[in-house]
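Next come the chains, spelled out residue by residue.
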Amino acid sequence: MIEALALALALVMVIEGLLPFAMPAFWKRNMLRIAGLPDRHIRVFGLVSLLGGMLLALVAR
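Please read all numbers here as calculations on a predicted model, not as lab measurements.

Draft legend 1. Focus on the packing of helix H1 (residues 2-22) against helix H2 (residues 24-35). Two numbers describe how H1 lies on H2: the axes approach to 5 Å, and their chain directions differ by 110 degrees. As summarised for this structure, H1 and H2 are arranged roughly perpendicular, according to the angle between their axes. Facing Leu19, Pro20, Phe21 and Ala22 of H1, the residues of H2 in contact are Pro24, Phe26 and Trp27.

Draft legend 2. Geometry of helix H3 (residues 39-60). A rise of 1.5 Å per residue sets the reference length of H3, with its 22 residues, at 32 Å; its end C-alpha atoms lie 31 Å apart and thus fit the reference within 8%. Where burial is concerned, little of H3 is hidden: zero out of the 22 residues are buried.

Draft legend 3. Here's a closer look at a nonpolar patch on the surface. Taken together, the side chains of Leu19, Met23, Phe26, Trp27, Met31, Ile34, Leu37 and Ile42 make up a nonpolar region of the molecular surface, amounting to roughly 640 Å² of accessible area. For the nonpolar patch, the leading source of residues is H2, giving four residues.

Draft legend 4. Quick look at H1. Here H1 is 21 residues long and its end C-alpha atoms lie 30 Å apart, about the 30 Å a rise of 1.5 Å per residue gives. Within H1, only zero of the 21 residues are buried, which leaves it mostly out in the open.

Cut-offs and rules
- Residues numbered from 1 in each chain as written.
- Predicted model: local features only at pLDDT ≥ 70, side-chain atom pairs only at ≥ 80, totals over all residues.
- Heavy atoms only, no water.
- Axes fitted to C-alpha atoms, helices over the stretch in contact; angles between N-to-C directions.
- Helix = DSSP H or I, 4+ residues; strand = E, 2+ residues; numbered from the N terminus.
- Parallel < 35°, antiparallel > 145°, perpendicular 65-115°, else oblique.
- Contact = heavy atoms within 4.5 Å.
- Expected span 1.5 Å × (residues − 1).
- Buried < 20%, exposed > 50% of the residue type's maximum accessible area, 1.4 Å probe, protein only.
- Patch = residues over 30% accessible without salt bridge, like charges linked within 9 Å, V, L, I, M, F, W, Y side chains within 5 Å.
- Areas by Shrake-Rupley, 256 points an atom, 1.4 Å probe, with all protein chains shown as cover.
- Salt bridge = Lys/Arg side-chain N within 4 Å of Asp/Glu carboxyl O.

Below, the structure is given as structure tokens:
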């Protein structure tokens, strides 16, 4: 169980690092746009991402 959790976390870190490594200017521009959004929109995006990830995990099982 711990190994699977560590592997999942490592995979998230690799995926999260791809865009800033490959296109830093694009990444910074988009982070500035996101920072300007209202908290409600960011929360909705986070919720959708969370639920999508949970659904994907259930389907992949």
